[in-house]
Amino acid sequence: MPKEARPSTGEQAKQHALTQLRQAILQGDMAPAQRLVENELAEQFDVTRASIRAALIDLAAEGLVERIRNRGSRVRVVTVEEAVAITECRMVLEGLCAAKAAVAASDEQLTELANLGRAMTKAVADGEPVTYSELNHELHDKVREFSGQQTAVTLLERLNAQLVRHRFQLALRPGRPQQSLSQHLAMIEAITARDPQAAEAAVRAHLTSVIEALRD
């Protein structure tokens, strides 16, 4: 948005700062434990300190920022044990979404999932872990979308945002894409077979493997 068209105060300014800060954290431009200095951020995003402070409060509620009394804010550090606990919650919600998708998805949507499976297989065969990771995230996003279970989707978006660093590290671990590919293909197969119980079981098996990898 051009500078002259962007308000520096008010709700729009807060939303602008919130969007930019969230994106920077999720993309890894701001590292875990990095201090978030309100004056610097206000200047960077051309908004008031009050707008930055309001945005940081919202990000703290999302679990992306930690506000420390008398010391300001920093990007929240998610420990391995926290990541495991979050993944355990994901297991329930992602399983629910997979089961719902197996029933609710259209034939066109099921074809889309099958195509994603083929693209993931190719990425592994070609030795492209970053591409595989992107397709992995897209697959999970599509399953949630096709489920129609908006409450679960909203909760998962908040949980997944806290796991960005751990998920990226796992994606680049040697051998991890090869290990998880068969798990993702099993998810796709169960959903496209319209078998909700098998779909939920496949998701739980996959995320159990993720927990084991996090603890490894």
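About the cut-offs
Residues numbered from 1 in each chain as written. Predicted model: local features only at pLDDT ≥ 70, side-chain atom pairs only at ≥ 80, totals over all residues. Heavy atoms only, no water. Pairing = 2+ DSSP bridges. Helix = DSSP H or I, 4+ residues; strand = E, 2+ residues; numbered from the N terminus. Buried < 20%, exposed > 50% of the residue type's maximum accessible area, 1.4 Å probe, protein only. Axes fitted to C-alpha atoms, helices over the stretch in contact; angles between N-to-C directions. Parallel < 35°, antiparallel > 145°, perpendicular 65-115°, else oblique. Left-handed = near helix turned anticlockwise from the far one by under 90°. Contact = heavy atoms within 4.5 Å. Nonpolar A, V, L, I, M, F, W, Y, C, P; charged D, E, K, R; others polar. Disulfide = S-S within 2.5 Å. Salt bridge = Lys/Arg side-chain N within 4 Å of Asp/Glu carboxyl O.

1. Digging into the sheet that holds strand β2 (residues 65-68)
The 3 strands are arranged β1-β3-β2 in an open sheet whose pairing can be described as antiparallel. In this open sheet, the two edge strands, each paired with only one partner strand, are β1 (35-36) and β2. Where β2 and strand β3 (residues 72-75) come together, 4 bridges link them in antiparallel fashion. Residue pairing in the sheet places R67 in a bridge with S73 of β3.

2. Thoughts on unusual backbone geometry
One non-glycine residue, A33, lies in positive phi territory at about 80°. Mapped onto the fold, A33 is located in the loop between α1 (10-26) and β1. Exposure remark for A33: the relative accessible area of 35% places this residue in the partly exposed category.

3. Describing the packing of helix α4 (residues 80-104) against helix α7 (residues 150-161)
Here α4 crosses α7 at 150°, and the two axes come no closer than 10 Å. Accordingly, the angle class assigned to the pair α4 and α7 is roughly antiparallel. Along this stretch, α4 crosses α7, giving a crossing that reads as left-handed. The segment α4 lies against α7, with I86, C89, R90, L93, E94, L96 and C97 engaging A152, L155, L156, L159 and N160. Of the residues contributing to the contact of α4 with α7, the split by class is 9 nonpolar, 1 polar and 2 charged.

4. Here's the deal with the side chain of H206
Topologically, H206 is positioned in helix α10 (residues 196-215). Those residues in contact with H206 that sit more than four places away from it in its chain are H140, R176, S180, Q183, H184 and M187.

5. Quick word on the pairing of β3
Because side chains alternate across β3, one face comprises the buried residues S73 and V75, and the other comprises G72 and R74, none of which is buried. As defined by bridge partners, β1 adjoins β3 across 2 bridges and the pair is classed as antiparallel. Its bridge partner lying in β3, R35 is registered against R74.

6. Considerations on the state of the cysteines
Taken as a whole, this structure holds 0 disulfides when the rule is applied. Looking at the unpaired C89, the closest cysteine sulfur is the one in C97, lying at 14 Å. Look at C97 and you get buried, because its relative accessible area is 0%.

7. Some words on the environment of V143
Take V143: it is sitting in helix α6 (residues 129-147). On the basis of relative accessibility, which here comes to 2%, the residue V143 falls in the buried class. Taking C-alpha positions, V143 is 20 Å from V130, a pair spaced 13 residues apart along the chain. Apart from the residues lying within four places of it in its own chain, the contact partners of V143 are C97, A98, A101, L113 and I191.

8. Observations concerning the pattern of salt bridges
One pass over the structure, following the stated rule, counts 16 salt bridges. E94 is paired through a salt bridge with R144; the nearest N and O atoms lie 2.9 Å apart. A residue pair is termed long-range when its members are at least 10 positions apart, and E94 in helix α4 and R144 in helix α6 qualify at 50 residues. By the burial criterion, E94 is buried, and R144 matches it. Residue E112 pairs with K142 through a salt bridge whose shortest N-O separation is 3.0 Å. Note that E112 is positioned in helix α5 (residues 107-125) and K142 in helix α6, a separation of 30 residues in sequence. What you see here is one network of salt bridges that share partners, running through R90, E94, D141 and R144.

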